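Structural overview for review
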Amino acid sequence: MKNLLRLHEAIAIVLLKQPNRAASFDRIALEIEKRGLFPNRKGNISLSKQVELRTVQSQGRYKHLFERVNGNSVRLK
C-alpha cells in the first residue's frame, strides 16, 4: 500500500489533536500506527526515531513546522 501522506504531514495531523499541539515522539508514533497514517516505511529505524529525526534533526528542513519542547517532545508551530 502506498503512503498517501508524507511523514511530516502525518505528524502534523496527530499534533493537531493533542493538547497544546504537543506530544512525545513515542505518542506521535503510536497515533500514526493506530490510525494507519504512514503504513509503508523503509529501513530498520523505529517510527518513534523517524519522527524525532524528521521533526528536530532534519537539518532544519521542517523547523517552520515543529519545535522541540523538551528532550523527547515536539510541538506544532
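These notes cover the structure that comes with them. (Residues numbered from 1 in each chain as written. Predicted model: local features only at pLDDT ≥ 70, side-chain atom pairs only at ≥ 80, totals over all residues. Heavy atoms only, no water.)

Concerning the overall build of the protein
A tally of regular secondary structure across the protein gives three helices and three strands. Taken from the N to the C terminus, the helices and strands of the protein come in the order α-β-α-α-β-β. Taken over C-alpha atoms, the radius of gyration comes to 11 Å for the protein, in line with the 11 Å a tight globule of 77 residues would show. Its C-alpha atoms put the protein at 30 × 25 × 20 Å along the principal axes. Of all 77 residues assigned to the protein, the portion counted as buried reaches 39%. Restricting to contacts in the protein with at least 6 residues of sequence separation, those with at least 24 account for 50%. In the structure as shown, the protein presents an accessible area of about 5100 Å², 47% of it carried by carbon and sulfur atoms. Within the protein, the 6 negative side-chain charges are centred at a point lying 5 Å from the centre of the 16 positive side-chain charges. (Helix = DSSP H or I, 4+ residues; strand = E, 2+ residues; numbered from the N terminus. Rg over C-alpha atoms; globule rule 2.2 N^0.38 Å. Buried < 20%, exposed > 50% of the residue type's maximum accessible area, 1.4 Å probe, protein only. Contact = heavy atoms within 4.5 Å. Areas by Shrake-Rupley, 256 points an atom, 1.4 Å probe, with all protein chains shown as cover. Lys, Arg positive; Asp, Glu negative; His and termini not counted. Charge placed at Lys NZ, Arg CZ, Asp CG, Glu CD.)

Considering the environment of Arg27
Within the secondary structure layout, Arg27 lies in helix H2 (residues 25–35). Here Arg27 falls in the partly exposed class, since its relative accessible area comes to 36%.

Looking at the pairing of strand S2 (residues 66–70)
When S2 meets strand S3 (residues 73–76), the two strands line up antiparallel, connected through four bridges. The residue of S3 that forms the bridge with Arg68 is Val74. Here S2 hands over to S3 after two residues, the two strands then running antiparallel side by side. (Pairing = 2+ DSSP bridges.)

Thoughts on the sheet that holds strand S1 (residues 22–24)
The strand order across the open sheet built from three strands is S1-S3-S2, with neighbouring strands paired in antiparallel fashion. Whereas interior strands pair on both sides, the edge strands pair on one side only; in this sheet they are S1 and S2. Adjacent strand axes in the sheet meet at a mean angle of 30 degrees when their direction is disregarded. Contacts from H2 reach S1, S2 and S3, with the element oriented near 95 degrees to S1. (Axes fitted to C-alpha atoms, helices over the stretch in contact; angles between N-to-C directions.)

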